Amino acid sequence: MNRPRDNIDVLTFGCRLNTYESEAMRDLAAKAGHGAGTILVNTCAVTAEAERQARQAIRKAARDNPGARILVTGCAAQINPEAWGALPGVARVIGNADKLKPEAWATDAPPAPVTNIMAATETAAHLVTDFAGRTRAFVQVQQGCDHRCTFCVIPYGRGPSRSVPIGAIVEQVRALVERGYREVVLTGVDITSYGPDLPGKPALGQMIRRLLAQVPELPRLRLSSLDPVEIDEDLWRLIAEETRLMPHLHLSLQHGADLILKRMKRRHLRADALAVAERARRLRPDIAFGADLIAGFPTETEEHFAETVALVEELDLAFLHVFPYSERPGTPAARMPQLPVPLRRERAARLREAGKAAAARFLAGRVGREEAVLFERADRGHTAQFAPLRLIGGVAAVPGEIRLVRVSAAGADTLLAEAA
Ligand code: SF4
């Protein structure tokens, strides 16, 4: 449970977009007069496990805080409001289309049905100026998704793709920089879908170029997950030329075998992923990759799985988010022949091991180099490539400080540097 600011407890599950929205909702709830005894739960529907954890947390919160008003929102609640509304202690379910609207938080608002997210046409931007205890801030630039990957329920929780106007993004980032944030992460559901719903149809690259031009004081900009084949030419130029854009791309790859990628209804094939990585490395040799990967997708054979493991090695994917496939009700993949759950978990564990080996190789390659590190704590921070780093000895850092250090060694999952 996040540190209660404004006496409002916030439980956030899932993605960076949820993290951003939870801070915005905390502000809105406080301004609407919610206070002690209010528990806000921002749910996730990506896996059955994420839903189980949120239900468990709500039951515990109701048990430990008799009389508390539990307000539930997020993708799982959007998709199945009745079920979440029926949990103990839940006073209200607020839909994803309404969660950033001040009126949804009025303390005397009558219970209202969750609105149809598919009818959502705009993003309710909200100026967030504080990320509890964080030195890196998340900024929502896009919402929803128009794709229909066969395993995914997100479009049913978040609705169609909508973009935040550039002016609102600039205002948000400027406010965060004025508050001392040195790094901003642009987040959304499918940020490479940025722009077609805005005047002039600015693509993601154009938006970033204008943002960086209008906020020259921002030292570091990082991107959340990217659809590999939807990186636009402007963004490629920024990857090559813009030092404030961090040399770290997190790719939504999902799998390494073409047949499975087709059954997932992804927009890329294995060769595309290799070509994107090759191009990025040619333009920015020190670039690092992360990726989202699923193990145990329906009909996946040992040979298909081996192609995913090989992709981790071929691309040196240093930062992996591995998910054992989780069938989501109502998705096409849930109607395909399923693999046994233990096999999915076993393959996910093997994929994580391959990821650890790739991370260790990547970290070993940084020994002896000078790194600009954003410190989150006196002795811990992340490099531009997003490698974790720990200071050993010497002068402690100040959280939020960016300091140049020389890497003296690499552990299994972190770099080590002597403080000057
Ligand atoms: S791109 Fe695919 S995986 Fe990503 S949110 Fe959209 S439907 Fe889901």
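Residues numbered from 1 in each chain as written. Predicted model: local features only at pLDDT ≥ 70, side-chain atom pairs only at ≥ 80, totals over all residues. Heavy atoms only, no water.

*Asks:* Tell me about the domain arrangement of the protein, residues and numbers included.
*Replies:* Domain boundaries assigned for the protein yield domain 1 (4-115), domain 2 (136-364) and domain 3 (370-419). Centre-to-centre separation of domain 1 and domain 2, based on C-alpha positions: 27 Å. Contact with domain 1, which involves 18 residues of that partner, is made by 20 residues of domain 2. Regarding the contact of domain 1 and domain 2, the summed buried area is about 1,500 Å², with carbon and sulfur atoms giving 60% of it. For domain 1, the biggest contributors to the area lost against domain 2 are Arg16, Leu17 and Tyr20; these three give 43% of the whole. At the boundary of domain 1 with domain 2, the tally comes to two salt bridges. Residue Arg158 pairs with Glu21 through a salt bridge whose shortest N-O separation is 2.9 Å. The tally of links between domain 1 and domain 2 comes to seven residue pairs in polar contact (both at pLDDT 80 or more). Where the side of domain 1 that touches domain 2 is concerned, the elements lending two or more residues are helix H1 (16-31), helix H2 (48-64) and helix H3 (75-79). Per-element tally for the side of domain 1 that touches domain 2: the top contributor is H1, with six residues. (Domains from an automatic or database assignment. Contact = heavy atoms within 4.5 Å. Buried area = accessible area lost by both parts, 1.4 Å probe. Salt bridge = Lys/Arg side-chain N within 4 Å of Asp/Glu carboxyl O. Polar contact = N/O pair within 3.5 Å; in protein donor to acceptor, adjacent residues only side chain to side chain. Helix = DSSP H or I, 4+ residues; strand = E, 2+ residues; numbered from the N terminus.)

*Asks:* An account of the nonpolar core is requested, with residue identities and associated values reported.
*Replies:* Formed by 74 residues in total, the largest nonpolar core has its most connected members in Leu186 and Ile208. For Ile208, the contacting residues outside a window of four places in its chain are Leu186, Leu221, Leu223, Leu235 and Leu238. (Core = buried A, V, L, I, M, F, W, Y, C linked by side-chain atoms within 4.5 Å. Buried < 20%, exposed > 50% of the residue type's maximum accessible area, 1.4 Å probe, protein only.)

*Asks:* Hey, could you go over the site of the ligand for me, with residue numbers and the actual values?
*Replies:* In the neighbourhood of the ligand, the contacting residues comprise Cys145, His147, Cys149, Phe151, Cys152, Ile154, Pro155, Val189, Arg266 and Arg267. Grouping the amino acids of the shell around the ligand by side-chain chemistry returns seven nonpolar, one polar and two charged. (Near = heavy atom within 4 Å. Nonpolar A, V, L, I, M, F, W, Y, C, P; charged D, E, K, R; others polar.)

*Asks:* Residues and numbers for the sheet that holds strand S13 (residues 370-375), please.
*Replies:* Spatially, five strands are ordered S13-S14-S15-S17-S16 in a closed barrel, and the strand pairing comes out mixed. On average, adjacent strands in this sheet sit at an angle of 55° to one another, irrespective of strand direction. Of the pairings in the sheet, the one linking S13 to strand S14 (residues 380-382) comprises two bridges and is antiparallel in character. Bridging across to S14, Leu374 finds its partner in His382. (Pairing = 2+ DSSP bridges. Axes fitted to C-alpha atoms, helices over the stretch in contact; angles between N-to-C directions.)

*Asks:* Please provide a residue-by-residue account of helix H7 (residues 204-214), values included.
*Replies:* Here H7 has its buried residues at Leu204, Gly205, Met207, Ile208, Leu211 and Leu212. The arc enclosing the buried residues of H7, seen along the axis, measures out at 160°, which places them on a common side. Its buried side turned inward, H7 meets helix H6 (166-178), strand S8 (183-187), strand S9 (220-223) and helix H8 (233-241). (Arc of directions from axis to C-beta.)

*Asks:* Any details on the side chain of Asp227? Residues and values, ideally.
*Replies:* Mapping Asp227 onto the fold places it in the loop between S9 and H8. Look past the residues within four positions of Asp227 in its chain and what remains in contact with it is His147, Asp190, Thr192, Arg266 and Arg267.

*Asks:* Run through the packing of aromatic side chains, naming residues and quoting values.
*Replies:* What the rule picks out here adds up to four aromatic pairs. Measuring from ring centre to ring centre gives 6.5 Å for Phe151 and Phe297, while their planes differ by 85°; the resulting arrangement is edge-to-face. Here Phe151, found in the loop between strand S6 (142-143) and helix H5 (154-158), pairs with Phe297, found in the loop between strand S11 (288-295) and helix H11 (302-315); they are 146 residues apart in sequence, far enough to count as distant. Accessibility classification places Phe151 together with Phe297 in one group, the buried group. Both rings, one in Phe297 and one in Tyr325, keep their centres 5.6 Å apart while their planes meet at 75°; by these two values the pair is edge-to-face. In this pair, Phe297 is assigned in the loop between S11 and H11 and Tyr325 in the loop between strand S12 (317-324) and helix H12 (341-364), connecting sequence segments 28 residues apart. Across the pair, exposure class does not vary: Phe297 and Tyr325 are buried alike. Put simply, the rings of Phe151, Phe297 and Tyr325 pair up and form one aromatic cluster. In this arrangement the basic side chain of Arg403 is found over the ring face of Phe375, its NZ or CZ atom lying 5.9 Å from the centre. (Phe/Tyr/Trp six-rings, centres within 6.5 Å; stacked < 30°, edge-to-face > 60°. Lys NZ or Arg CZ within 6 Å of the ring centre and 35° of its normal.)

*Asks:* Tell me about the packing of helix H10 (residues 270-283) against H11, and name the residues and values.
*Replies:* Two numbers describe how H10 lies on H11: the axes approach to 11 Å, and their chain directions differ by 10°. Comparing their axes, H11 and H10 come out roughly parallel. Taking contact as the criterion, the partners of Arg270, Ala273, Leu274, Ala277 and Arg281 in H10 are, on H11, Glu307, Ala310, Leu311, Glu314 and Leu315. Each residue belonging to the contact of H10 with H11 can be placed in one class, and the counts come to six nonpolar, no polar and four charged. (Parallel < 35°, antiparallel > 145°, perpendicular 65-115°, else oblique.)

*Asks:* Describe the environment of Ala57, listing the residues and the values that go with them.
*Replies:* Considering the arrangement of structural elements, one finds Ala57 in helix H2. For Ala57, a relative accessible area of 17% gives the class buried. Between the C-alpha atoms of Ala57 and Ala120, which are 63 residues apart in sequence, the distance is 29 Å.

*Asks:* Give a detailed account of the pattern of salt bridges, specifying residues and quantitative values.
*Replies:* Counting across every chain of the model gives 31 salt bridges. Residues Arg52 and Glu49 are paired through a salt bridge, measuring 2.7 Å at the closest nitrogen-oxygen approach. One end of the pair, Arg52, and the other, Glu49, are both in helix H2, three residues apart, so they sit about a helical turn from each other. A residue is classified by how much of its surface remains accessible, and Arg52, at 36% relative accessible area, is partly exposed. For Glu49, a relative accessible area of 37% corresponds to the partly exposed category. A salt bridge links Arg279 to Glu233, with the nearest nitrogen and oxygen atoms 2.8 Å apart. A residue pair is termed long-range when its members are at least 10 positions apart, and Arg279 in helix H10 and Glu233 in helix H8 qualify at 46 residues. By relative accessible area, Arg279 is classed as partly exposed at 25%. Residues participating in the shared-partner salt-bridge network are Arg136, Glu183, Arg220, Arg222 and Glu376.

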